[in-house]
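A closer look at the structure
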Amino acid sequence: MSATGKCLCGKVTYRLASKPLMLDVCHCKNCQRQAGASFIPFVAVPLTEVEVEGTPKVFMDDDTVSGNTVARHFCGDCGSPIYVGVARAPKTAYFTSGTLDHTDHLVPKCHGWTSTKHEWVTISDGAPEYHQDPGLQPEGVREIQAVAE
Ligand SMILES: [Zn+2]
Ligand SMILES: [Zn+2]
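All of the points below concern the structure found in this document. All residue numbers here refer to positions counted from 1 along the written sequence of the relevant chain. Starting at A for chains and at 1 for ligands, labels are handed out in the order in which the entities are written. This being a predicted model, a pLDDT of at least 70 is required before a residue's local features are given, and a value of 80 or more before pairs of side-chain atoms are given or counted; all residues contribute to the totals for chains, interfaces and linings. Hydrogens and water are ignored here; the side-chain numbers use all heavy atoms of the structure.

**Some words on the pattern of salt bridges**
Under the convention used in this document: Here, a salt bridge means any Lys or Arg side-chain nitrogen found within 4 Å of an Asp or Glu carboxyl oxygen. A run of H or I in DSSP becomes a helix once it reaches four residues, and a run of E becomes a strand once it reaches two; helices and strands are each numbered from the N terminus. Working definition: with a 1.4 Å probe on protein chains only, accessible area under 20% of the residue-type maximum means buried, over 50% means exposed, and in between means partly exposed.
Scanning the entire structure with this criterion turns up four salt bridges. Residues Lys11 and Asp77 are paired through a salt bridge, measuring 3.9 Å at the closest nitrogen-oxygen approach. Separated by 66 residues along the polypeptide, Lys11 in the loop between β1 (3-6) and β2 (13-16) and Asp77 in the loop between β7 (70-74) and β8 (81-86) bring together distant segments of the chain. Asp77 matches Lys11 in its accessibility class, with the two residues each being exposed. Taking the shortest distance from any N to any O, the salt bridge between Arg88 and Asp133 comes out at 2.9 Å.

**A look at the packing of aromatic side chains**
How we decide: Note on aromatic pairs: the rings of Phe, Tyr and Trp (six-membered ring only in Trp) are paired at centre separations within 6.5 Å, and the planes decide the class, stacked below 30 degrees, edge-to-face beyond 60, tilted for the rest.
Scanning all chains against the criterion turns up two aromatic pairs. Considering the side-chain rings of Tyr14 and Phe95, the 4.4 Å spacing of their centres and the 45° angle between planes classify their relative orientation as tilted. One end of the pair, Tyr14, is in strand β2; the other, Phe95, is in strand β9 (residues 92-96), with 81 residues separating them in the sequence. A connected cluster of aromatic rings, assembled from ring pairs, spans Tyr14, Tyr83 and Phe95.

Rendered as structure tokens:
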């Protein structure tokens, strides 16, 4: 069971060897800015299971709260964000679920960076919420806790 997706203009297309099921929903300010929207849901996919056609541009986003650089791959023609990569998960690509062709089966696994969530967005899916980085919080920062366990 594979999955396919593409950018808005279709110059960048991709195929994932297995069908992703879970979403990491990111409410961070940088994702909001890149998408021009209130959040980006991502599916995490092993890079070995990814085939991308076309030539996405890459923006190295190093002005992040966490200090981690995020490689943001997007279509240089229509601007669709396609996937991101982070150095601490070098074997994983995080694809934007909005570019997938089929999305009915997807369910949120967690919500990250709810500290910058748009006020009108109400999370009601029961997935754990993290004020900052889900699962990868900096050492010693105690106020960063999952709201729901
Ligand atoms: Zn495009
Ligand atoms: Zn984000």
